[in-house]
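These are the residues of each chain, in order.
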Amino acid sequence: MKSTLDYIEEKWGTLQNRVAQCNARGFLDLAQYCEDIVAQIFNILYGISLVNLNHRKSRFPVVDLGDPAQGVYLQVTTLQSHQCRKIVTTAARFSQRYAGNRLILFFVFTKPSPQSIPALAEDISVLDSADLIQKIRAADPAGQEAILALLRRVEDAALPNSPINLLAGDEEFNFPATCLSCPGQPSFFAYGLGRVRVDAYL
């Protein structure tokens, strides 16, 4: 019988697969929505209140998520190449703009090997999905159940006409009806993590 953690790992793995498929085709919508998903999970695990700064200002500089009151910021990336360069560039820009705060660079897939990661300031750390799953393993049952419920709600998300905002508590998760990467075209996924909309490409 599967445990809560088994289901979490399964659904997170499915999300990773979908993001990889989307990125390979040049469609970054789902990668952008991962920011909200990661924010919710980190909020549950660390007791913080991250908000998606890109909802406040498109292409928010340097970071994607932030809890200014706690001085914690995250950059979420699905990048699978040039990772070390990304780390160095982001760390330098963060130190200039947000000195005295903490930065977490979170890789949805796999971070570079420890030997290849350059030396970073103490307030900058690099995490990936393996680290996230390890933290979830150590979480209390209530936290694990909350994360599983989140991933299940994401899995069941519909595709109405309003922008997504996974930080809206128990409200239905909404996805845009048009592809952000190709304005005017229907979104190519309904993001049921198994339901793919193909009418725009037939």
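Located above this text is the structure these notes cover.
Residues numbered from 1 in each chain as written. Predicted model: local features only at pLDDT ≥ 70, side-chain atom pairs only at ≥ 80, totals over all residues. Heavy atoms only, no water.

Brief notes about the overall build of the chain
Logical step 1: Tallying secondary structure elements over the chain gives six helices and five strands in all.
Logical step 2: In the chain, the share of contacts with a sequence separation of at least 24, taken over all contacts with a separation of at least 6, comes to 54%.
Logical step 3: Put simply, the chain shows about 10,300 Å² of open surface, and 49% of that area lies on carbon and sulfur atoms. (Helix = DSSP H or I, 4+ residues; strand = E, 2+ residues; numbered from the N terminus. Contact = heavy atoms within 4.5 Å. Areas by Shrake-Rupley, 256 points an atom, 1.4 Å probe, with all protein chains shown as cover.)

Some remarks on the pattern of salt bridges
Logical step 1: Evaluation of the coordinates by the stated rule reveals three salt bridges.
Logical step 2: The closest approach of N and O atoms between lysine 2 and glutamate 10, which form a salt bridge, is 2.3 Å.
Logical step 3: What makes lysine 2 partly exposed here is its relative accessible area of 41%.
Logical step 4: Glutamate 9 is the salt-bridge partner of arginine 137, the closest N and O atoms lying 2.7 Å from each other. (Salt bridge = Lys/Arg side-chain N within 4 Å of Asp/Glu carboxyl O. Buried < 20%, exposed > 50% of the residue type's maximum accessible area, 1.4 Å probe, protein only.)

Comments concerning the nonpolar core
Logical step 1: Counting 35 residues, the largest nonpolar core has Trp12, Ile41, Phe42, Phe106 and Ile136 as the members making the most contacts within it.
Logical step 2: At the level of secondary structure, the elements contributing two or more residues to this core comprise helix 1 (4–24), helix 2 (29–46), strand 3 (72–77), strand 4 (102–107), helix 5 (129–138) and helix 6 (141–155).
Logical step 3: Looking at this core, the element that brings in the most residues is helix 2, giving 10 residues.
Logical step 4: Among all residues touching isoleucine 136, those that are not within four sequence positions of it are Leu5, Ile8, Ile41, Leu45, Gln144 and Ile147.
Logical step 5: One finds Leu53, Val63, Phe94 and Val126 within the second-largest nonpolar core, a separate group that totals 13 residues. (Core = buried A, V, L, I, M, F, W, Y, C linked by side-chain atoms within 4.5 Å.)

What about the packing of helix 2 against helix 5?
Logical step 1: For the pair helix 2 and helix 5, the least separation of the axes is 10 Å and the interaxial angle reads 40°. By the angle class used here, helix 2 and helix 5 are oblique. Both helix 2 and helix 5 take part in a crossing whose hand is left-handed. Only Leu132, Lys135 and Ile136 of helix 5 make contact with helix 2, whose side of the interface consists of Ile41, Phe42, Leu45 and Tyr46.
Logical step 2: Here the residues of the contact of helix 2 with helix 5 are counted per class, giving six nonpolar, no polar and one charged. (Axes fitted to C-alpha atoms, helices over the stretch in contact; angles between N-to-C directions. Parallel < 35°, antiparallel > 145°, perpendicular 65-115°, else oblique. Left-handed = near helix turned anticlockwise from the far one by under 90°. Nonpolar A, V, L, I, M, F, W, Y, C, P; charged D, E, K, R; others polar.)

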